[in-house]
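Letter by letter, the chains look like this.
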Amino acid sequence: MSSIERPIAPDVTMGAPVDIPEGERLPPDAPLHDRVIEALKTVYDPEIPVNIYELGLVYKCEVDEDGDVDIEMTLTAPGCPVAGEMPGQVQGVVRQVEGVGDVQVEIVWEPAWDPSRMSDEARLTLGMF
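Scoring rules and cut-offs
For every chain, the first residue of the written sequence is number 1, and numbering continues from 1 along that sequence. Local features in a predicted model are, by the rule used here, given only for residues with pLDDT of at least 70; side-chain atom pairs are given and counted only at 80 or more, and totals for whole chains, interfaces and linings are based on all residues. Only hydrogens and water are removed before side-chain values are computed, so all heavy atoms of the structure are retained for them. Note on conventions: DSSP H or I runs of at least 4 residues are helices, E runs of at least 2 residues are strands, and numbering of each starts at the N terminus. Accessible area is worked out with a 1.4 Å probe on protein chains only. A residue is then buried under 20% of its type maximum, exposed over 50%, and partly exposed in between. Between two residues, a contact is recorded if the distance between any of their heavy atoms is within 4.5 Å. The working definition used for a salt bridge is a side-chain nitrogen of Lys or Arg within 4 Å of a carboxyl oxygen of Asp or Glu. Criterion used throughout: strands pair if DSSP finds at least two bridges between them. Interaxial angle, 0 to 180 degrees, is taken between N-to-C directions of lines fitted to C-alpha atoms, where a helix line uses only the stretch in contact. We define the nonpolar core as a collection of buried residues of types Ala, Val, Leu, Ile, Met, Phe, Trp, Tyr and Cys that are connected through side-chain atoms lying within 4.5 Å of one another. Counted as a polar contact is a pair of N or O atoms within 3.5 Å, where, for protein atoms, one must be capable of donating a hydrogen and the other of accepting one, and residues adjacent in sequence contribute only when both atoms are in side chains. If you view a crossover with the strands going away from you and the path from the first strand over the helix to the second runs clockwise, you call it right-handed. The reported arc concerns the directions from the helix axis to the C-beta atoms and nothing else.

Peer 1: Would you take a moment to explain the overall build of the protein chain for this structure?
Peer 2: Counting secondary structure elements, the protein chain contains 3 helices and 3 strands. Each helix and strand of the protein chain, placed in order from N terminus to C terminus, yields the pattern α-β-β-α-β-α. When burial is assessed residue by residue, the protein chain has 44% of its 129 residues classed as buried. In the protein chain, 63% of the contacts between residues at least 6 apart in sequence involve partners at least 24 apart.

Peer 1: Got a minute to help me understand the pattern of salt bridges in this structure?
Peer 2: When charged atoms on two side chains of opposite charge get close, those side chains can pair. A complete count under the given rule lists 3 salt bridges for this structure. Ionic pairing is found between Glu54 and Lys41, a salt bridge with its closest N-O pair at 3.1 Å. Taken together, the residues Glu54 in the loop between helix H1 (32–40) and strand S1 (58–63) and Lys41 in the loop between H1 and S1 connect sequence positions 13 residues apart. Summarising the burial analysis for this pair, Glu54 and Lys41 share the class buried. Between Glu72 and Lys60 there is a salt bridge; the shortest N-O distance is 3.6 Å.

Peer 1: Just checking my understanding: could you explain the sheet that holds S1 for this structure?
Peer 2: One key point about sheets: their strands pair by backbone hydrogen bonds, in either a parallel or an antiparallel sense. In spatial order, the strands read S1-S2-S3; together these 3 strands make up an open sheet with mixed pairing. The open sheet terminates on both sides in strands that have one partner only, identified here as S1 and strand S3 (103–107). Taking each pair of neighbouring strands and ignoring which way they run, the sheet shows an average axis angle of 10°. In the sheet, S1 pairs with strand S2 (residues 69–73) via 5 bridges, with the strands oriented antiparallel. Residue pairing in the sheet places Glu62 in a bridge with Asp70 of S2. The strands touched by H1 are S1 and S2; relative to S1, the strand with the most contacts, the crossing angle is about 145°. In this fold helix H2 (residues 86–95) packs onto S2 and S3, with an angle of close to 155° to the strand it touches most, S3.

Peer 1: I would appreciate a short explanation of the nonpolar core in the present structure.
Peer 2: Soluble, globular proteins show a tendency: their nonpolar side chains are buried together. Ranked by size, the top nonpolar core spans 32 residues in total, and within it Val36, Leu40, Ile52, Val69, Ile71, Val90 and Val94 carry the most contacts. The element that contributes the greatest number of residues to this core is H1, accounting for 5 residues. With residues up to four places along the chain from it excluded, the contact list for Leu40 reads Ile52, Tyr53, Val58, Cys61, Ile71, Val90 and Val94.

Peer 1: Even after reading the chapter, I still don't get the side chain of Glu54, so can you show me in this structure?
Peer 2: What makes Glu54 buried here is its relative accessible area of 4%. A distance of 3.1 Å separates polar atoms of two side chains, one belonging to Glu54 and the other to Lys41.

Peer 1: Please explain the pairing of S2 as it appears in this structure.
Peer 2: The side chains of a regular strand alternate between the sheet's two faces. Side chains Val69, Ile71 and Met73 project from S2 onto a buried face, and the interleaved Asp70 and Glu72 project onto a face without burial. As consecutive antiparallel partners, S1 and S2 are separated by 5 residues, and within that stretch Gly67 has a phi angle of approximately 90°, a positive value. Handedness of the crossover joining S2 and S3 through H2 is recorded here as right-handed.

Peer 1: What is the right way to read H2 from this model?
Peer 2: The α-helix winds at 3.6 residues per turn, so residues separated by three or four positions along the chain end up facing the same way. For H2, the set of buried residues is Met86, Pro87, Gln89, Val90, Val93 and Val94. Looking straight down H2, one finds its buried side chains confined to an arc of 165°; they lie on one side. Where H2 is buried, its residues meet H1, S2 and S3.

Below is the structure:
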């Protein structure tokens, strides 16, 4: 299992995945985990103009040697309007990554999300410095 992150350019569209411009995509031979993170960064919270990865909503993203992906994530609040849709959307985006096998996405509520989980990039985007 591995982990790493890479920022991409935002394009907010109500939680829908965003196309990554050709010149900004990781090469196909980049580590699978990196490409999964790249895919996660194309999914945006519908109420905040920052992707779910930079918001700190992804608590765990593990990729095994078979390409199976296990994701634990949360939402900014239990009453989030996309609570029912977000896991399927994340699963669908990650499944599109070449080399990915099975994808499991679980919404967890512990620990509760708070703004301290955001990346510096997210804080900058939201003017929180």
